[in-house]
Amino acid sequence: EAQVTQNPRYLITVTGKKLTVTCSQNMNHEYMSWYRQDPGLGLRQIYYSMNVEVTDKGDVPEGYKVSRKEKRNFPLILESPSPNQTSLYFCASSLRGMNTEAFFGQGTRLTVV
Amino acid sequence: AQSVTQLGSHVSVSEGALVLLRCNYSSSVPPYLFWYVQYPNQGLQLLLKYTTGATLVKGINGFEAEFKKSETSFHLTKPSAHMSDAAEYFCAVTNTGTASKLTFGTGTRLQVTL
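Residues numbered from 1 in each chain as written. Chains lettered and ligands numbered in written order. Predicted model: local features only at pLDDT ≥ 70, side-chain atom pairs only at ≥ 80, totals over all residues. Heavy atoms only, no water.

Considerations on the sheet that holds strand β1 (residues 4–7) of chain A
Residue and element names in this part refer to chain A. Inclusion rule: Two strands are said to pair when DSSP picks up at least two bridges between them. For the purposes of this entry, the term helix denotes a DSSP run of H or I that reaches at least four residues, the term strand denotes a run of E that reaches at least two, and both are numbered from the N terminus.
Strand order in this open sheet of four strands is β1-β3-β8-β7, and the pairing throughout is antiparallel. Unpaired on one side and paired on the other, β1 and β7 (65–66) mark the two borders of the sheet. Summarising the sheet, β1 and strand β3 (residues 19–25) pair through four bridges and their orientation is antiparallel. Note that in β3 the partner of glutamine 6 across the bridge is cysteine 23.

Structure, rendered in structure tokens:
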């Protein structure tokens, strides 16, 4: 089954404790991206990757890091989480870019206390 | 630059009534337009998309949308609402020059009542 898998689905952590949210897709997609969803703001892009070893900033990259060492994986790293990073995070992938159909993971609800 | 405005953060309709969710976009070049649906506790799923060609686009679950360049709109409609349509709906825009980014609207939560 074609899918984007995020882990964990729920995470509560404390300020400053490094964490990684994993994202994996099994569709051989070139493009992957991370979004955060906040009430009243819709989805905002954090980082994206057009292919392996190619990443770039989206609209709200501050406080986040990503890497794309393999085509299927695109982890999101919070080196020192802060409460303003409490949000719902989605990983997405598509064949070549966001002008083709994007497939989304089920989301990771992160709470930073 | 590109942007999307969705009018109405909450829309409530009766089962069997017409669903109309509004979306206006801004794009300096011809846009690609999308509607995505998010059911509770799930990721987003593509409903339909417009790239080029026919301006009336049909999607899944009986939804359709019409691209109107003169009005910069891409409203989503469904003739008869069903309880299972209750979800949050997002309009989004990109274009051939910015395939790296899909810009979303703030979403419209659709409630369907008996």
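Comments concerning the sheet that holds strand β3 (residues 19–27) of chain B
Residue and element names in this part refer to chain B. This is how it is decided: With axes taken as lines fitted to C-alpha atoms, and helix axes fitted only over the stretch in contact, angles between N-to-C directions fall between 0 and 180 degrees.
In space, the five strands of this open sheet follow the order β1-β3-β8-β7-β6, with antiparallel pairing throughout. With partners counted over all chains shown, the strands left at the sheet margins are β1 (2–7) and β6 (56–58), one partner each. The average angle at which neighbouring strand axes cross in this sheet is 20°, direction not considered. Sheet analysis places β3 next to strand β8 (residues 73–78), joined by four bridges and oriented antiparallel. Note on β8: the bridge partner recorded for leucine 20 is threonine 77.

Things to note about the pattern of salt bridges
Any two side chains of opposite charge can pair if their charged atoms end up close together. As a reminder, the rule being used: Think of a salt bridge as a Lys or Arg side-chain nitrogen and an Asp or Glu carboxyl oxygen that are within 4 Å of each other. With a 1.4 Å probe rolled over the protein chains alone, any residue whose accessible area is under 20% of its type maximum counts as buried; one over 50% counts as exposed, and the rest are partly exposed.
Under the definition given, this model contains seven salt bridges over all chains. Among the salt bridges present, the one from A:Asp38 reaches A:Arg36, with a minimum N-O distance of 2.8 Å. Measuring nitrogen to oxygen at the nearest pair gives 2.6 Å for the salt bridge that ties B:Lys101 to A:Asp59. Taken together, the positions of B:Lys101 in the loop between β9 (87–95) and β10 (103–104) and A:Asp59 in the loop between β6 (54–57) and β7 put the pair across two chains. Residue B:Lys101 is classed as partly exposed on the basis of its relative accessible area, which comes to 22%. By relative accessible area, which is 42% here, A:Asp59 ends up partly exposed. A network of salt bridges, in which partner residues are shared, links A:Arg36, A:Asp38 and A:Arg44.

Details of the packing of aromatic side chains
Quick reminder of the rule: Aromatic pairs are defined between Phe, Tyr and Trp rings, using the six-membered ring for Trp, whenever the two ring centres lie within 6.5 Å; interplanar angles under 30 degrees are classed as stacked, those over 60 as edge-to-face, and all others as tilted.
By the definition in use, this model includes twelve aromatic pairs over all chains. Pairing A:Tyr31 with A:Tyr48 gives two aromatic rings, centres 6.2 Å apart and planes at 20°, and the pair type is stacked. Here A:Tyr31, found in strand β4 (residues 31–38), pairs with A:Tyr48, found in strand β5 (residues 42–51); they are 17 residues apart in sequence, far enough to count as distant. Note on B:Tyr36 and B:Phe104: the rings are 6.1 Å apart at their centroids and 55° apart in plane angle, and the pair reads as tilted.

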